[in-house]
Amino acid sequence: MTLPSLFADPTYRIYSALAQYPVLATRIRARMRQELFDRGLLSPNQFKEMVREQSIQSQGREGLTDPFAEEPEDVWRERQDRVRDTLTDLHFANNFGFELFEEIVRQVLAERGARSEGWLIDLNAELAPQELLVEQALAISAMPPAERARYEPRLQEIKVVLIRSMISDQLAYIKIAKKWFTIHDLLDIRERKTGKGKVGGKAAGMLLARRILLEMADEDVKASVRIPESFFLAADVMYTYMAYNDLMHWAEQKYKPAEQIRSEYLQIQKEYLAGRFPPDIQDNLHNILQKIGSKPLIVRSSSLLEDNFGTSFAGKYDSVFCPNQGTPEENFEDFTTAIAAVYASALKPDALLYRRRNDLIDYDERIAILIQEVEGDPIGDYYFPQAAGVAFSRNLYRWSPQIERDAGFLRLVWGLGTRAVDRVGNDYPRMVALSHPLLHSHAEPRAIVGYSQKYLDVIDLKANKFRSIPAQDVIDPHYPILRYIAQVYQDGYLSTIRSNLVKDRHGDVVITFDEMLRRTPFADRMRRMLNFLEQHYESPVDMEFTARILNPSTTTPDVQITILQCRPQSQLQESIARVPPDLKKERIIFSTKRVLLYGRVPDIRYVMFVSPEGYFTLPTPSARHRLSRAISRLNAKLEGARYIAVGPGRWGTTNPDLGVRIGYGDIFHTRALVELSGAGVGTAPEPSFGTHFFQDLIESQIFPLAIYLDDPDAVFRRNFFYKTPNRLLDFLPDEGELVNCLHLIDVQDYKPGYTLDLVMDGEDGRAVAFLVPPPPSPVVEET
């Protein structure tokens with residue numbers, strides 16, 4: 001049986017195989033030499049002289065000038081034995097196939113009386129070459145059921161070893177994956193993989209989700225689910241790239257201070273992007289591009305820790321689109337540069353600080369690369385999918401009491417799914433509660449229009465680049481699925497598109513996805529997919545996807561769903577918490593009914609407050625950047641203290657006109673992140689649930705809250721935020737220019753001895769931050 005080669009060096013394959021037979025290695029090598037002699041490739045005397053000459057040369061490399069006088073006889077014999085073994089492996093590997101080596105091993109085992117049934121020689125699966133493991137697994141898989149049952153434990157052992165060496169060594173993943181992957185699945189991964197290491201977490205989750213659904217889902221789900229055409233660069237290739245380009249000195253970056261990590265990242269990017277791959281890896285990358293052809297592709301991180309249970313690394317490493325529309329030389333240069341950029345992102349400040357926060361800094365984190373064809377269709381000069389987004393099996397954003405948490409939730413967009421997972425500018429995905437898919441998060445048509453998607457991310461085929469463009473530039477009345485993704489807003493109402501009358505009314509077309517959710521099985525199918533995956537992952541899941549309507553002109557259109565990745569859903573440790581029934585109004589600092597999650601943050605000593613007036617009057621982008629850096633420094637200073645952060649608009653937005661542009665690494669010590677809107681601050685921010693930033697908050701047990709100051713029941717005690725002394729300069733004495741914008745409030749300056757409690761009350765449906773007096777002093781009895 002001929003199987004694809006795993007090792008680039010055939011000599012190493014033989015050496016590795018012989019390592020599991022230490023007692024029989026001498027006899028096996030003697031048979032190997034006899035094959036060389038019998039076929040006239042070497043004579044015994046020639047081989048003996050080669051051993052002698054090579055042994056003397058090795059002495060010279062060790063500084064021995066008189067080989068026969070300076071080395072004891074037993075050491076000389078051992079030296080000759082090692083050289084003889086090496087030359088045997090080398091000449092045999094260079095002249096014969098691995099199949100002959102396996103046949104010699106079987107003969108020697110049989111002569112020694114080792115149990116052997118067909119392919120099933122005894123072996124140590126942890127040490128055996130993958131070819132032998134695959135051969136045995138294929139043989140067991142092909143057995144009749146009754147016979148196979150006898151060897152099922154061995155098949156399980158082989159699959160675990162292959163999963164651990166090729167996919168992931170995370171035990172929680174292996175526990176699930178060994179139940180579902182077939183040996184043919186693992187072979188397919190190996191044939192699409194460059195390198196000897198693992199394919200990483202993102203690839204692992206995508207492959208496992210597909211296999212679970214193909215085995216366990218309903219027939220209509222099985223027929224509609226797929227994954228993109230995918231290829232893998234194993235994690236070891238990252239170290240090969242670093243060594244080949246003298247980049248290994250950056251491996252210690254994770255142990256440096258946070259400010260140094262930030263200041264050096266631009267230099268890291270510059271050096272990584274200037275690198276090149278070794279010729280053999282370049283050949284494999286050329287082959288991948290030839291197989292993909294002219295379709296756009298995406299280079300995605302798939303690190304060893306990514307998409308794991310408890311640490312998703314959502315958005316921590318880069319993914320890069322390659323439009324792939326240039327000359328072959330240009331496409332290859334863009335492709336390899338994209339891979340280098342993803343490698344460099346392993347050292348991004350946010351990524352390293354995330355690892356530090358989660359006690360993963362000492363792990364040997366390497367990034368494998370997942371290379372996928374981009375899902376979509378060409379529409380004029382643009383290429384994008386009909387629908388894309390991120391799905392969650394547990395809905396933490398319930399804007400109506402009738403919404404069922406266990407039915408799942410979607411963030412759905414037209415175009416590339418990047419707009420569904422990032423907190424972009426003044427734009428909004430469609431929020432879909434899968435228990436009630438047609439229930440909008442805003443009731444009034446005007447509000448639905450205001451909170452609808454205005455832009456879409458595309459591949460510009462003509463310009464050969466990724467772009468964000470106004471949706472109105474793409475809307476075409478002849479676009480076959482337009483009526484499924486959009487509606488017309490007219491006279492205060494939203495109505496279904498039923499003709500080409502939208503030709504001259506693009507401005508009235510609103511992206512809602514209502515007809516797709518109403519007329520296709522998409523919502524129901526997604527709900528069931530998520531339920532199956534949660535059941536067999538033994539954990540809530542989140543899944544990135546694209547969707548396509550297959551037959552839009554029929555009365556019963558069907559859908560195809562492509563899984564891009566799947567991982568355990570980030571969970572916050574919610575707890576039952578109640579607002580004290582006798583709480584006096586003067587003790588309340590702020591209160592809101594815009595609550596996503598429930599729980600309690602007690603003993604808050606500090607409040608970091610970015611005043612809306614101060615922020616929006618900062619004169620330059622550099623001043624806003626300085627504020628972001630000051631917040632990051634203040635966050636580091638407050639490590640160990642209990643604090644919450646309050647600020648205008650959207651925390652973590654990519655558009656600084658809409659809120660404070662910070663990343664996870666700038667704010668991760670806070671216990672809650674509160675967003676202010678209304679009353680001159682701006683429109684109410686879109687709930688960030690489902691974005692990468694939101695997942696960071698949840699994993700770090702940081703509660704997100706929103707206070708819309710125009711809500712009649714909202715409380716915001718301005719004298720606390722504006723009149724309490726600002727302690728900023730006590731912590732950052734060089735930031736005097738920011739004291740009108742960035743405040744650090746010590747609660748005890750407002751009320752000596754007091755702290756704040758923040759309670760998110762699930763039963764009452766509101767969150768309240770209120771003053772808590774110090775515990776009474778103990779009474780000391782006189783003796």
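See the structure shown above.
Quick notes on the rules
- Residues numbered from 1 in each chain as written.
- Predicted model: local features only at pLDDT ≥ 70, side-chain atom pairs only at ≥ 80, totals over all residues.
- Heavy atoms only, no water.
- Helix = DSSP H or I, 4+ residues; strand = E, 2+ residues; numbered from the N terminus.
- Buried < 20%, exposed > 50% of the residue type's maximum accessible area, 1.4 Å probe, protein only.
- Contact = heavy atoms within 4.5 Å.
- Core = buried A, V, L, I, M, F, W, Y, C linked by side-chain atoms within 4.5 Å.
- Axes fitted to C-alpha atoms, helices over the stretch in contact; angles between N-to-C directions.
- Left-handed = near helix turned anticlockwise from the far one by under 90°.
- Nonpolar A, V, L, I, M, F, W, Y, C, P; charged D, E, K, R; others polar.
- Pairing = 2+ DSSP bridges.

## Examining the overall build of the chain
When helices and strands are counted, the chain shows 27 helices and 31 strands. Out of the 783 residues belonging to the chain, those deemed buried represent 55%. Partitioning the contacts of the chain with sequence separation of at least 6, the portion at a separation of at least 24 is 74%.

## With respect to the nonpolar core
Core analysis: the biggest nonpolar cluster contains 87 residues, and I167, W414, F522 and M526 have the highest contact counts within it. Once you skip the residues sitting within four places of it in the chain, I167 turns out to touch L162, Y173, F181, L186, I189, K198, V199, G200 and A204. If you look at the next biggest cluster of nonpolar residues, it comprises 37 residues, including V237, Y317, L352 and I367.

## Quick word on unusual backbone geometry
Of note in the backbone geometry, D491 takes a positive phi value of approximately 55 degrees without being a glycine. Within the secondary structure, D491 is located in the loop between β16 (486-490) and β17 (493-496). The residue F513 is not glycine, and still its phi comes out positive at about 65 degrees. In this structure, F513 sits in the loop between β18 (509-511) and α20 (514-519). Taking relative accessible area as the criterion, F513 reaches 0% and is therefore assigned buried.

## Side note on the packing of helix α13 (residues 258-273) against helix α15 (residues 328-344)
Following both chains from N to C, one finds α13 and α15 inclined at 145 degrees, their axes separated by 9 Å at the closest point. The handedness of the crossing between α13 and α15 is right-handed. Judged by residue contacts, Y265, I268, Q269, Y272 and L273 of α13 engage T337, A340, A341, Y343 and A344 from α15. For the contact of α13 with α15, a count of residues per class yields eight nonpolar, two polar and no charged.

## Structural notes on the sheet that holds strand β20 (residues 559-568)
Sheet architecture is open: six strands sit in the order β4-β20-β19-β11-β12-β13, paired in mixed fashion. Both edges of this open sheet fall to β4 (225-226) and β13 (430-433), since each of them pairs with a single strand only. Of the strands in this sheet, β4 and β20 touch helix α10 (residues 201-216), which is tilted by about 125 degrees from β20. The strands touched by helix α21 (residues 522-537) within the sheet are β4, β11 (387-392), β12 (409-413), β19 (541-549) and β20, with β19 carrying the most contacts at an inclination of about 150 degrees.

## A few points about the pairing of strand β14 (residues 455-460)
Most of β14 sits inside the fold, with five of its six residues counted as buried. Where β14 meets strand β15 (residues 465-470), six bridges bridge the pair, whose relative direction is antiparallel. Bridge pairing in β15 places V458 opposite R467. Hairpin remark: β14 followed by β15, antiparallel, with four residues in the connecting loop; positive phi at N464, about 60 degrees.

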